[in-house]
Amino acid sequence: MTTIKASCPGCGEIELTSDDIRLRVASHAPLSYYQFTCPTCQELVRKPADDHIVSLLMSGGVRAEVWEVPAEALEPKGGPGLTYDDLLDFVLHLGRDDMLAARATAPAHR
Ligand SMILES: [Zn+2]
């Protein structure tokens, strides 16, 4: 079996086999990645995989899994990002309002 050299952020260069690596090729190329569990520190390492890396890994016997990226993941996001305060407010609101889900899904008043 082919030995594939990779690097772990904590351990440096390590050696893997094709079965140790999971390669996911996305329908939106910039989201393609490969991942492995470092045999030394047991950390899960995930790295982007451009076309060159995809070709190298596949030539080393790594099987590629095709990943269809959901369209909503690629939509441009407008407005400010969600903050910790927003999330805390939401959680507090959940705790004091039993009807929140019903109100959120109710048709708007006219
Ligand atoms: Zn490691």
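As a reminder, the structure under discussion sits directly above these lines.
Residues numbered from 1 in each chain as written. Predicted model: local features only at pLDDT ≥ 70, side-chain atom pairs only at ≥ 80, totals over all residues. Heavy atoms only, no water.

Trainee: Would you mind going over the coordination of the zinc ion with me for this structure?
Mentor: A metal bound by six donors in octahedral fashion has ideal angles of 90 or 180 degrees, whereas one bound by four tetrahedral donors has an ideal angle of 109.5 degrees. Within the protein, the atoms that donate to the zinc ion are C8 (SG), C11 (SG), C38 (SG) and C41 (SG), at distances of 2.3 Å. C11 sits in the partly exposed class, given a relative accessible area of 33%. Residue classification places C41 among the partly exposed positions, given a relative accessible area of 32%. (Donors = N, O, S within 2.8 Å, 3.2 Å for Na, K, Ca; no water. Buried < 20%, exposed > 50% of the residue type's maximum accessible area, 1.4 Å probe, protein only.)

Trainee: For this particular structure, what's the right way to read the packing of aromatic side chains?
Mentor: The geometry of an aromatic ring pair is captured by two quantities: the separation of the ring centres and the angle between the planes. This structure, assessed with the given rule, holds two aromatic pairs. Measuring from centroid to centroid gives 6.0 Å for Y33 and W67, while their planes differ by 80 degrees, and the two rings are edge-to-face. You can see Y33 sitting in strand β4 (residues 33-37) and its partner W67 sitting in strand β6 (residues 64-67), a full 34 residues away along the chain. In this structure, R46 packs its charged tip against the face of Y33, placed 3.9 Å from the ring centre. (Phe/Tyr/Trp six-rings, centres within 6.5 Å; stacked < 30°, edge-to-face > 60°. Helix = DSSP H or I, 4+ residues; strand = E, 2+ residues; numbered from the N terminus. Lys NZ or Arg CZ within 6 Å of the ring centre and 35° of its normal.)

Trainee: Sorry if this is basic, but what is going on with the sheet that holds β4 here?
Mentor: Across a sheet, strands are paired by hydrogen bonds formed along the backbone, either parallel or antiparallel in direction. Spatially, the four strands line up as an open sheet ordered β5-β4-β3-β6, and their pairing is mixed. The strands lining the two open edges of the sheet, one partner per strand, are β5 (44-48) and β6. Taken over all neighbouring pairs, the strand axes of this sheet differ in orientation by 25 degrees on average, direction set aside. Relative to β5, β4 runs antiparallel, the two sharing five bridges. Each residue of the ladder has a partner; that of T37, found in β5, is L44. Packed onto the sheet, helix α1 (residues 51-59) meets β3 (22-26), β4, β5 and β6 and runs at close to 140 degrees relative to β3. (Pairing = 2+ DSSP bridges. Axes fitted to C-alpha atoms, helices over the stretch in contact; angles between N-to-C directions. Contact = heavy atoms within 4.5 Å.)

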